[in-house]
Amino acid sequence: MSDQKTPFEIMMAQAQDMMKSMNPALETFTPKGFDSLWPTMPKEWMEMAFGNTVNKEGLDAKTRLFLTLAGLTMQGAHAEAQIRMTVRHLLEIGAKKQEIGECITQMSMFAGIPAMTKAGEIANDVMKDRDDADKEGNAE
């Protein structure tokens, strides 16, 4: 194996060095940490932005969120924070884990296996976090 770095690896190392010099705290930044600041949107805001205001007789919130998840799956790792939030919202309104997995899997034909796999990993992480939180809540 060669120790020579690819142009992409060199570019990424330079970008990381630049970010460290601008703000050392960014070295440990993760989207998961960021999205914990606002885990879910208030119901009223969601309904105003995506629901009843647009079309009172239209799609229900669960269907809208599944459509959102499908679109975000197409973006894979580029939409990690958005996928996390959407999965949390789906769980909050009673979507089953199997339904969430099915939605993501359905997109494999359109988004490709890598994007589907990444979205699935993110969703599984969110569901595990929720299960862990539920266990902690029940233990008290």
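I will try to describe carefully the structure that is included in this document. Fair warning: this is a prediction, and the values are worked out from it, not measured in the lab.

So, the overall build of the protein
Here comes step 1: On a plain count of helices and strands, the protein comes out with 8 helices and 0 strands.
Here comes step 2: Each helix and strand of the protein, placed in order from N terminus to C terminus, yields the pattern α-α-α-α-α-α-α-α.
Here comes step 3: Scored against the burial criterion, the 140 residues of the protein give a buried share of 26%.
Here comes step 4: Considering only intrachain contacts with a sequence separation of at least 6, the fraction spanning at least 24 residues in the protein is 68%.
Here comes step 5: Of the roughly 10,000 Å² of accessible surface on the protein, a fraction of 59% belongs to carbon and sulfur atoms.

Focus: the packing of helix α4 (residues 61-75) against helix α6 (residues 97-106)
Here comes step 1: At a minimum axis distance of 9 Å, the contact between α4 and α6 shows a crossing angle of 45 degrees. In terms of orientation, α4 lies oblique with respect to α6. Note that α4 runs across α6; the crossing there is right-handed. Taking contact as the criterion, the partners of Lys62, Phe66, Leu69, Ala70 and Thr73 in α4 are, on α6, Glu99, Ile100, Cys103 and Ile104.

Let's talk about the pattern of salt bridges
Here comes step 1: A full pass over the atoms with the stated rule returns 6 salt bridges.
Here comes step 2: Beyond isolated ion pairs, a larger network of salt bridges with shared partners links Glu80, Arg84 and Asp125.

Regarding the environment of Gly101
Here comes step 1: With respect to the helices, strands and loops of the structure, Gly101 is situated in helix α6.
Here comes step 2: We classify Gly101 as partly exposed; its relative accessible area is 28%.
Here comes step 3: Along the sequence, Gly101 and Ala123 sit 22 residues apart, while their C-alpha atoms lie 8.0 Å from each other.

Comments concerning a nonpolar patch on the surface
Here comes step 1: A grouping of Phe8, Met11 and Met12 is seen on the molecular surface, where their side chains present a nonpolar patch of about 300 Å² in accessible area.
Here comes step 2: For Met11, the position within the fold is in helix α1 (residues 7-22).

Side note on the nonpolar core
Here comes step 1: Membership of the largest hydrophobic core comes to 21 residues, with the highest contact counts inside it found for Leu69, Ile83, Val87, Leu90, Ile100 and Ile104.
Here comes step 2: Sorting the residues of this core by element identifies α4, α5 (80-92), α6 and α8 (113-139) as the ones contributing at least two each.
Here comes step 3: A per-element tally of this core places α8 first, with 6 residues.
Here comes step 4: Ile100 has contacts with Phe66, Leu69, Val87, Leu90, Leu91, Ala95, Ala123 and Met127, leaving out every residue within four places of it along the chain.

Topic: α5
Here comes step 1: A rise of 1.5 Å per residue sets the reference length of α5, with its 13 residues, at 18 Å; its end C-alpha atoms lie 18 Å apart and thus fit the reference within 8%.
Here comes step 2: Among the 13 residues in α5, 10 count as buried, and that is most of the element.
Here comes step 3: When α5 is considered as a whole, its buried residues turn out to be Glu80, Ile83, Arg84, Met85, Thr86, Val87, Arg88, His89, Leu90 and Leu91.
Here comes step 4: At the C-terminal side of α5, Gly94 shows a positive phi close to 100 degrees.

Some points on the packing of α4 against α5
Here comes step 1: Between α4 and α5, the least distance of the axes is 10 Å, while the angle of their chain directions is 155 degrees. Judged by the inter-axis angle, α4 sits roughly antiparallel to α5. For the pair α4 and α5, the sense of crossing is left-handed. Along its contact with α4, which presents Lys62, Leu65, Phe66, Thr68, Leu69 and Leu72, the element α5 presents Gln82, Ile83, Thr86, Val87, His89 and Leu90.
Here comes step 2: Broken down by class, the residue content of the contact of α4 with α5 amounts to 7 nonpolar, 4 polar and 1 charged.

The rules behind the values
- Residues numbered from 1 in each chain as written.
- Predicted model: local features only at pLDDT ≥ 70, side-chain atom pairs only at ≥ 80, totals over all residues.
- Heavy atoms only, no water.
- Helix = DSSP H or I, 4+ residues; strand = E, 2+ residues; numbered from the N terminus.
- Buried < 20%, exposed > 50% of the residue type's maximum accessible area, 1.4 Å probe, protein only.
- Contact = heavy atoms within 4.5 Å.
- Areas by Shrake-Rupley, 256 points an atom, 1.4 Å probe, with all protein chains shown as cover.
- Axes fitted to C-alpha atoms, helices over the stretch in contact; angles between N-to-C directions.
- Parallel < 35°, antiparallel > 145°, perpendicular 65-115°, else oblique.
- Left-handed = near helix turned anticlockwise from the far one by under 90°.
- Salt bridge = Lys/Arg side-chain N within 4 Å of Asp/Glu carboxyl O.
- Patch = residues over 30% accessible without salt bridge, like charges linked within 9 Å, V, L, I, M, F, W, Y side chains within 5 Å.
- Core = buried A, V, L, I, M, F, W, Y, C linked by side-chain atoms within 4.5 Å.
- Expected span 1.5 Å × (residues − 1).
- Nonpolar A, V, L, I, M, F, W, Y, C, P; charged D, E, K, R; others polar.

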